[in-house]
Amino acid sequence: MDTPHKPKKKILVIDDNAGILFVMKQALGLKGYDVHTSESFTGVPDVAQLAPDLIYLDISLVGQDGREISRELKLNARTKHIPIIILTAYPNADELAKEAGSDNYLPKPFDLQDLWKMTAKYTS
Amino acid sequence: MLKKKKSDQLLIANQELAYQNEEKQKRAAELIIANKELAYQGDEKEKRAAELRIANKELIFQNKEKEKRAAELSIANIELAYQNDEKEKRAEELTIANKELAFQNKVKEKRAAELVVANKELAFQNKEKEKRAAELFIANKELAFQNKEKEKRAAELSIANIELVFQTGEKEKRAAELVIADIELAFQNKEKEKREIANKEREQTLSYAEGILGTMREPLLVLDKNLRVKSANEAFYRTFSIRAKETEGVLVYELKNRRWDTPQLREALEKILPQKSAFNDLEITFDFPETGSKMMLFNGRRLIQSEKGEELILLAMQDITEQRLLQERNDSFMSMASHELKTPVTTIKTLVQILQLQYAKSIDKTLVEYLATIGQQIDQLTGLVTDLLDVSKIKADKFQMVEKVFDFDLLAKEIVKSCQLLSAQHIITCVGRAHSKVCGDRNGISRVFINFITNAIKYSPDADKIIITISHTKSDVRVGVQDFGIGIAKTDQEKIFDRFFQVGNEKGQSFSGLGIGLYISSAIVAQHKGRIWVESKEGAGSTFFFSLPIHNIK
């Protein structure tokens, strides 16, 4: 791992689809973000320890409900300050984001430019 | 004393003598006067004598006059005598005239008497005439009476004739009745035959009906007017795992441990007989512990058994449990498929976009072109996947609208401009304006509009124009999109707004797409309380319409 001259913004992407994780890593990597990916939610302590500047969270994870994860993170003092953006292919993304208590949502399939704009908005 | 007496006597004698002297004087005066008087009276007598002489002369004159008069009188007398003679003469003449008159009177009397006689004769003749008249009157009365009698006879005769005619008519009627009775008998015979046939047919129908009911795969119940089960078919027993003895005669609500006692069924059944109504597609879900939950569609009808007039209720059921499950599975599959498809689409799309960015200035034009094509196709794929998901959203009533007031003409202008880019072959013209604002989901309405235009392009491959007509009424904005393409058969026009329905043409030519565009459009228009319809002639083209309520700013 390179040690950056200026601290890179750290982004955590949680999605059970490896393709999405790969694309997110590539797309955000192009803009110089430090992208961490996970196919599942491992727990609040891990997130707290990683301390990302922004979380992209899929709603339908294998065996897990993205909304519950979001609520858990938002309830915990160590992680509640981290902006969460719901990433979903469901049509009612706005509703789901509201239920999750998240900061915003990005419906799949998204446009590359929209992804970069959204990320910039929550990390600057 | 004697001397004095002699003196007094002398005095008195003196006084007497004086007095007598005076008296003598007086007598003398008086004699003068009397002389004078006598002289006067002599004058007077002379005067009288003169007067008498005059008077005598007068008398003589008067006598002469009298004589004259007498002479005149004698002449007058002679005249009178003459006149008397004349009078007598006249009297005689009058007598003669009187006689003549008397004669004439007699003649007149005679004439009068003759006239009286003549009058009498006339009166007699009049009386005779009156007599004759009275006789004639009586004779007339007699004639009138005889005439009346004749008329009476005539009337009696005409009545008798009518009676005869009537009797003839009656006879004919009887004859006709007999003919009718014959016909009636023949008819009744035929009816009997028919009835026998009908009875046979009824028996056949009954066995036919029973056959149908018995073999029907759908459960069926017949209830009496007290809502007790009169009969049930095999499918009923099978569907509800119940036996005849637990069913027949049982109150419908008490079936299956009162699990049939649902408010919807009660409401529907209790209206049927009093309101002579019927109901269709009443959906009721039963929870049966042994068979699980069952979704049933009920149709109810009132029946009348003709002979007794007894009212019955026919309850037909359809078990839609399986169908519903399949439908739900189908919807959830579509939703899932769409969702799952989006993930790889997202991956591919993002990677293509990254590649396009990185190789935008590459000299390898083939690579740039390929990437551009992949990008377009991915967008198209995204559209299809989104449509699929919309269908599942419509089914699940999760379709969302963002309501906003917007200018309709502005939207139309934008859409026509962008849609023109989709086809170089078709010239899109727009006629009319809405001059109104509409409250609704601008994106949704754009989608309907675009869907109409893309369909028009798609289904008129040989045409070169598309005409858009925008009009408005007091309450609605109306849009018509007309193409000159393959058109839609009358029978297909109703189905066109159904899910997955797609029009083909007589050559069996098929068109790309999922057949859900109009389905989604109709859902969007319905959500805006608008109307969507089509007018089309096969081979001549179609005009698709939608109308939306105008937003009136208060």
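Structure shown above.
Residues numbered from 1 in each chain as written. Chains lettered and ligands numbered in written order. Predicted model: local features only at pLDDT ≥ 70, side-chain atom pairs only at ≥ 80, totals over all residues.

1. Considerations on the packing of helix 7 (residues 408-420) of chain B against helix 8 (residues 442-458) of chain B
All names here are of chain B.
- Contact pair helix 7 / helix 8: the axes reach a minimum separation of 10 Å and the direction vectors enclose 45°. By the angle class used here, helix 7 and helix 8 are oblique. The hand of the helix 7/helix 8 crossing is right-handed. Residue-level inspection shows Leu411, Ile415 and Cys419 of helix 7 in contact with helix 8, the latter providing Arg442, Ile445, Ser446, Phe449, Ile450 and Ile453.
- Classifying every residue of the contact of helix 7 with helix 8 by side-chain character gives 7 nonpolar, 1 polar and 1 charged. (Axes fitted to C-alpha atoms, helices over the stretch in contact; angles between N-to-C directions. Helix = DSSP H or I, 4+ residues; strand = E, 2+ residues; numbered from the N terminus. Parallel < 35°, antiparallel > 145°, perpendicular 65-115°, else oblique. Left-handed = near helix turned anticlockwise from the far one by under 90°. Contact = placed C-beta atoms within 7 Å. Nonpolar A, V, L, I, M, F, W, Y, C, P; charged D, E, K, R; others polar.)

2. Some thoughts on the interface of chain A and chain B
- Taken together, the 15 residues of chain A in the interface contact 16 residues of chain B.
- Ranked by residue count, the leading element in the side of chain A that touches chain B is helix 1 (residues 18-30) of chain A, at 6 residues.
- Looking at side-chain class alone, the side of chain A that touches chain B contains 10 nonpolar, 4 polar and 1 charged residues.

3. Some remarks on the sheet that holds strand 3 (residues 54-58) of chain A
Residue and element names in this part refer to chain A.
- Taken in spatial order, the 5 strands line up as 2-1-3-6-7 in an open sheet, and their pairing is parallel. Bordering the open sheet on either side are strand 2 (34-38) and strand 7 (104-107), each of which pairs with just one other strand. The average angle at which neighbouring strand axes cross in this sheet is 20°, direction not considered.
- Bridge count between strand 1 (residues 10-14) and strand 3: 4 bridges; the pairing is parallel. Looking across to strand 3, one finds that Ile11 is bridged to Leu54.
- Contacts from helix 3 (residues 66-75) reach strand 3 and strand 6 (84-88), with the element oriented near 155° to strand 3.
- Against the sheet, helix 4 (residues 93-100) contacts strand 6 and strand 7, and its axis sits at roughly 140° relative to strand 6. (Pairing = 2+ DSSP bridges.)

4. Looking at the sheet that holds strand 12 (residues 541-549) of chain B
Residue and element names in this part refer to chain B.
- The mixed open sheet is built from 5 strands, whose spatial order is 7-9-10-12-11. The open sheet has two edge strands, strand 7 (427-431) and strand 11 (531-537), and neither has a second partner. The mean inter-strand angle of the sheet, taken between neighbouring strand axes irrespective of direction, is 15°.
- In this structure, strand 11 lies alongside strand 12, joined through 7 bridges in antiparallel fashion. Looking at strand 12, one finds that Lys537 is bridged to Gly541.

Distances and angles like these do not, on their own, reveal function.
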